[in-house]
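Close look at the chain arrangement
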Amino acid sequence: ACPTLDSGSCPGTQPSMLNVHLVPHTHDDVGWLKTVDQYYYGDRNDIQHAGVQYILDSVVEQLQKDPARRFIYVETGFFYRWWRQQDQAMRHIVTQLVDEGRLEFINGGWCMSDEAATHYTAVIDQMTLGLRFLNETFGECGRPRVAWHIDPFGHAREHASIFAQMGYDGLFFGRLDYQDKARRMKTKEMEMLWRASDSLTPPMADLFTGVLPNGYNPPDGFCWDQLCNDAPIRDDPQLEDFNVDDIVKRFLNVAHAQSEVYKTTHIIMTMGSDFQYENANLWYKNLDKLIHYVNAKQSNGSKVNLLYSTPSCYLQELHNANTTWPLKTDDFFPYADDAHDFWTGYFTSRPALKRYERLSNSRLQTCNQLEVLGGRRSRKGLFGEGGSDSMKAMAVAQHHDAVSGTEKQHVAFDYAKRLAAGWGPCQVLVSNSLAALSGSDAPRVYCENLNISVCPLTESSPKFTMNVYNPLGHAVMWPVRLPVNGTAYGVFDAKGSPVDSVVLPVYQASREVRGHKGYAINELVFQVQAPPLGFTTYSISLLQNGPPPTPLENKAPLSIQNKFLKVTFDPDTYLLSSLSNLETKQTIKLSQNFYWYNASAGNNAESRQPSGAYIFRPNSSTPFIISKMIKVDSVKNAVLQEVRQWFGPWVTQVVRLYKDSRQLELEWTVGPVPVGDGLGKEVITRFDTNIRTSGLFYTDSNGREVLERRDYRPTWDLKQTEPIAGNYYPINSRAYIKDKDNQLTVVTDRSQGGSSIADGSLEIMLHRRLLYDDVRGVGEPLSEPGEDGQGGLVARGTLLLALTPPEKAADLHRPLAQSVVLQPLLSFQQGAPQSSSQLEFSGLHAALPPAVHLLTLSQWDRESVLIRLEHQYQAKESKSFSEPVTVNLQKLFSTLEIVGATEMSLGANQWKDQMTRLDWKTSSGEQPQRQSPSDPSPWDVTLNPMEIRTFLLRVMQH
């Protein structure tokens, strides 16, 4: 237990007065203008004066001088670095400050995650990493009770749902749309209850949410950090410029003005900002005086009471007020801080980093799973836990200036370098585990550059073996494309049966991108099938070097089709013209092309807001078409049919239909975006259909629940000033448009921005290259240098298209999106498989039910394993699968004997049965009922739509 839990450590307040909760805090980005380690040490102060180690040193010293002082700390990734360097005496002092509630951890994830470009898997992981460190270091007193997202640029509903399920009592943030804020101030609705799920029974995903008054800065005139220029309190009447009366008067005015827009007799002020408190004495000395002199006025009848406080103490007072709160059910995207300043560009900024982060997540999950499945043998030769470097690199990448794409270029390189370095120990672990499970210890290689047709082993070996590990809880079918130099190969599966394969010439765009990295002239293409949570093995041998493979046809076929889909092309332009689902006998008109918006430039004469890393500001609502006439090659064979489209020197695409696929694959390659004409470009692809969308479209929230979008805001009367940028929303894994008969769903392979501007249309921004900084602090234009350091970045990715009736859509896009997020991992060995080795393995006794997704499987400590099971459908989304489903924990895994299971909160830092949260009443007067879980037995657990359940399993390894 912890005394701070029953608010025993919260300072006393005055019931008949206005209580001003002063919250000393620092906002420490884990990378932005400097790298995370440069920020920690205070290195490169020529870029920005900031040193986190000194902040923590100084704050701890100042807290000890007066028990009334308070401080909150947020970014566990920094605190962890500092704690490791402290001796026992200092650790003892800090632990006492935490126990007494004088130093309080708030939020507590490794970082403060971005909300638009993150996937829920990685958000839950980074929160778990931070919360675990706090729990193991400080116990219950270190458990954060309040989520604190003061800087992210718009707020996702799924984040609020995650925080609620992690046991948080409330969330405070700083940024919301300027029109939304103005209305909320008028109606005193700056604080609300956010109902963050359409599927989970309230209050499971209900979260009290408060908008802070000044972003996260102090009120004007009251910033006393060494980075600020406001006047200190000069309180010696014998010295000149005595200003106590003036400061007190100004402060009382600010407090009264703020109390006019908040509901209770308690208000909060954030006393701190970016990297402040490096010399904490300045802040505390002046805050001590401010509190003293303002409160001294009470003897003359003043009704204002100042106190040092924390967000959780403030929240406790709001709860004690026993009032009702407005209900919010949508989200806080898009965010604009002025009429032409929509922060919707970062949804796409740095597309290669966004993809690499997603790929790294897939590898980390695979690494964690194989550590469990392979048992102790998997950790051979590793210091500490194999996954931990990878976990920390992934956790830092979730930061709101990391995967968001809003950091300086040198910092973006650092994030990518960390992800690559984290994969090193994971690779050792994966190899050990696969060797243990398969009995084959021949060295394994992992081809990192298959996306540009490079893999030295497959290019040169006459005979090799490929292991396919599938991290999903369901069997998977997956296309594989390997760079080779032969013209015909024999491919055999684990049972020795031949597999259809074809050799095609390497795509020209790949040759250009890879430069001198690889020399394969061909690609070997075939489809693999892998068992759930397991692997299978393919053996591949060269049959002939002879004549070149099937030549490509230099024209577009009128159509390509398999037994599920048919796609037609316009005979004049070679562009897509229709898409048909042959199973359901439905057809839509579908045309697609690539366009670019001309980015507004930073023109000082007009002082126009330019596009930049954060902000999307096209200078016209009509995008430029890249090409009306395109060149094509095509190929048809037993494995696949593809049409390779050339839109110009910097945009190409392959339209691809595999033999047994229910989705159409579009592989786009964009870049280097030319800017020699002095015009910044924001590149989109747009699908135009005859679907009657009535102005509506749909995007996912952090990869989970889907929200309805239109040129409208549910909580205020929108005055739309940017018809394009003001209608862009984040897409993390899917977007769709529909009418009563047809739904076109697009599944993406990374986070991107998108919209539906005209009826029946869906556009996705793929890449952006800009020439001006958008004046939000990053201080450089978004113009990524690319491979050679100057030509510009080439980005490549895939969009998967599905056409279904609306009521069947989720049955396809839910599993499809998961298979893109958790991709099979390929590894290669020279030669034929060893005769004694096991060629196929599944870690599950049977595939999971279709509605159930295995979200987490990772080694917690020597005896226990953390697992999360998720119902991957929303309520009412699927006739077949939007129902409760029951799973038996004891019968899940084939290699683990489970001897006990205890349910935990989503963040795995509390036992579920000990998790209590504050209850809140909404203005509509309803008080939600808590549902008791209805598990049939201790081992059988029931999942309701969109529910995630977290268990710590005690295991014995076979």
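Residues numbered from 1 in each chain as written. Predicted model: local features only at pLDDT ≥ 70, side-chain atom pairs only at ≥ 80, totals over all residues. Heavy atoms only, no water.

We count it as follows: UniProt positions are given in the numbering used here, feature names are shortened, and annotations may be inferred rather than shown by experiment.
If you check an unreviewed UniProt entry, the chain appears there as Alpha-mannosidase from Denticeps clupeoides. What UniProt records for the chain under Sequence similarities (unreviewed entry) is the sentence "Belongs to the glycosyl hydrolase 38 family." The annotation that UniProt attaches to the chain under Catalytic activity (unreviewed entry) is "Hydrolysis of terminal, non-reducing alpha-D-mannose residues in alpha-D-mannosides."

1. Re the overall build of the chain
Here is the rule we go by: In this text, helices come from DSSP runs of H or I with a minimum length of four residues, and strands from runs of E with a minimum of two, each type numbered from the N-terminal end. Every radius of gyration here is taken over C-alpha atoms, with the globule rule written as 2.2 Å times N^0.38, N being the number of residues. Should any heavy atoms of two residues lie within 4.5 Å, those residues are considered in contact.
Summing up its helical and strand segments, the chain has 16 helices and 44 strands in all. Computed over the C-alpha atoms, the radius of gyration of the chain is 29 Å, within 12% of the 30 Å expected from 2.2 N^0.38 for a compact globule of 958 residues. With the C-alpha coordinates of the chain rotated into their principal frame, the extents come out at 100 × 70 × 55 Å. Considering only contacts within the chain whose residues lie at least 6 apart along the sequence, 75% involve residues at least 24 apart.

2. What to know about the sheet that holds strand S25 (residues 651-658)
Rules: Note on pairing: DSSP must find at least two bridges between two strands before they are called paired. An axis is simply a line fitted to the C-alpha atoms; with a helix, the fit covers only the stretch in contact. Between two such axes, the angle follows the N-to-C directions and lies from 0 to 180 degrees.
Overall, antiparallel pairing links the nine strands, which are arranged S23-S24-S25-S26-S35-S32-S31-S28-S29 in an open sheet. Edge positions in the open sheet fall to strand S23 (631-636) and strand S29 (706-709), since each of these has one partner strand only. The mean inter-strand angle of the sheet, taken between neighbouring strand axes irrespective of direction, is 20 degrees. Examined bridge by bridge, strand S28 (residues 697-700) and strand S31 (residues 734-738) share two bridges and lie antiparallel to one another. Note on S31: the bridge partner recorded for Tyr 698 is Tyr 736. Across the sheet, helix H16 (residues 809-821) is in contact with S29, S31, strand S32 (743-748) and strand S35 (795-804); its angle to S32 comes to roughly 10 degrees.

3. Brief notes about unusual backbone geometry
Omega for the peptide link from Pro 202 to Pro 203 comes to 5 degrees, which places this bond in the cis form. Take Pro 203: it is sitting in the loop between strand S6 (191-195) and strand S7 (206-211). Its identity as a non-glycine residue notwithstanding, Ala 908 has a phi of 60 degrees, on the positive side.

4. Points about helix H8 (residues 244-259)
Definition in use: Multiplying 1.5 Å by the helix residue count minus one yields the expected span of that helix. Relative accessibility decides the category of a residue: with a 1.4 Å probe and only protein chains considered, values under 20% of the type maximum give buried, values over 50% give exposed, and everything between is partly exposed. By definition, the arc is the one covered by directions from the helix axis to the C-beta atoms.
Helix length check: H8, at 16 residues, gives a terminal C-alpha distance of 22 Å against a target of 22 Å (1.5 Å per residue), a fit within 8%. What H8 keeps buried is the set Val 244, Ile 247, Val 248, Phe 251, Leu 252, Ala 255, Gln 258 and Ser 259. Along the axis of H8, the buried residues cluster in a sector spanning 130 degrees; they form a single face. Opposite its buried face, H8 presents the exposed residues Asp 245 and Lys 249, each directed more than 90 degrees away. For H8, the secondary structure elements touched by its buried residues are strand S1 (18-24), strand S8 (266-271), helix H9 (280-296) and strand S9 (304-308).

5. So, the state of the cysteines
Our working rule: Disulfides are defined in this document as cysteine sulfur pairs within 2.5 Å.
On inspection of all chains with the given rule, the structure shows four disulfides. Shown here is the disulfide that connects Cys 223 with Cys 228, its sulfur atoms set 1.9 Å apart. Given the relative accessible area of 11%, Cys 223 is considered buried. Residue Cys 447 pairs covalently with Cys 455 via a disulfide, S to S 2.0 Å. Given an S-S torsion of about 45 degrees, the disulfide between Cys 447 and Cys 455 has right-handed geometry. With relative accessibility at 16%, the residue Cys 447 sits in the buried group.

6. What about the pairing of S31?
Most of S31 sits out of view: four of its five residues are buried. Judged from the five bridges that link them, S31 and S32 form a sheet pairing that is antiparallel. The residue bridging Ala 735 from the neighbouring strand is Val 746, located in S32.

7. Some thoughts on the environment of Ser 312
Going by this rule: Identification of polar contacts relies on pairs of N or O atoms within 3.5 Å, with a donor-acceptor requirement for protein atoms, meaning one able to donate a hydrogen and the other able to accept it, and with residues adjacent in sequence counted only if both atoms are side-chain atoms.
Assignment of secondary structure puts Ser 312 in helix H10 (residues 311-320). Taking relative accessible area as the criterion, Ser 312 reaches 15% and is therefore assigned buried. Ser 312 sits 165 residues away from Ala 147 along the chain, and the two C-alpha atoms are 9.4 Å apart. Those residues in contact with Ser 312, other than ones at most four positions away along the chain, are Glu 104 and Val 146. A polar side-chain atom of Ser 312 sits 2.3 Å from a polar atom in the side chain of Glu 104.

8. Thoughts on H10
Of all 10 residues that make up H10, seven are buried, and the element is covered over most of its length. Within the span of H10, buried status applies to Pro 311, Ser 312, Cys 313, Tyr 314, Leu 315, Glu 317 and Leu 318. Following H10 by one or two positions, Asn 322 adopts a phi angle in the positive range, close to 55 degrees.

9. What to know about the side chain of Ser 827
Among the structural elements, Ser 827 can be located in strand S36 (residues 825-830). On the basis of relative accessible area, Ser 827 is assigned to the buried category, the value being 1%.

10. Describing the pattern of salt bridges
Where side chains of opposite charge bring their charged atoms close, a pairing between them can arise. Test applied: Salt-bridge detection follows one rule: a side-chain nitrogen of Lys or Arg within 4 Å of a carboxyl oxygen of Asp or Glu.
Here the structure, examined in full by the defined rule, presents 49 salt bridges. Here Arg 81 makes a salt bridge to Asp 37, at a shortest N to O gap of 2.9 Å. Taken together, the residues Arg 81 in helix H3 (residues 76-83) and Asp 37 in helix H1 (residues 36-41) connect sequence positions 44 residues apart. Notably, a salt bridge pairs Asp 500 with Lys 659, separated by 3.9 Å at the nearest N-O pair. With Asp 500 in the loop between strand S14 (488-492) and strand S15 (501-505) and Lys 659 in the loop between S25 and strand S26 (664-670), the pair connects residues that are 159 residues apart, well separated along the chain.

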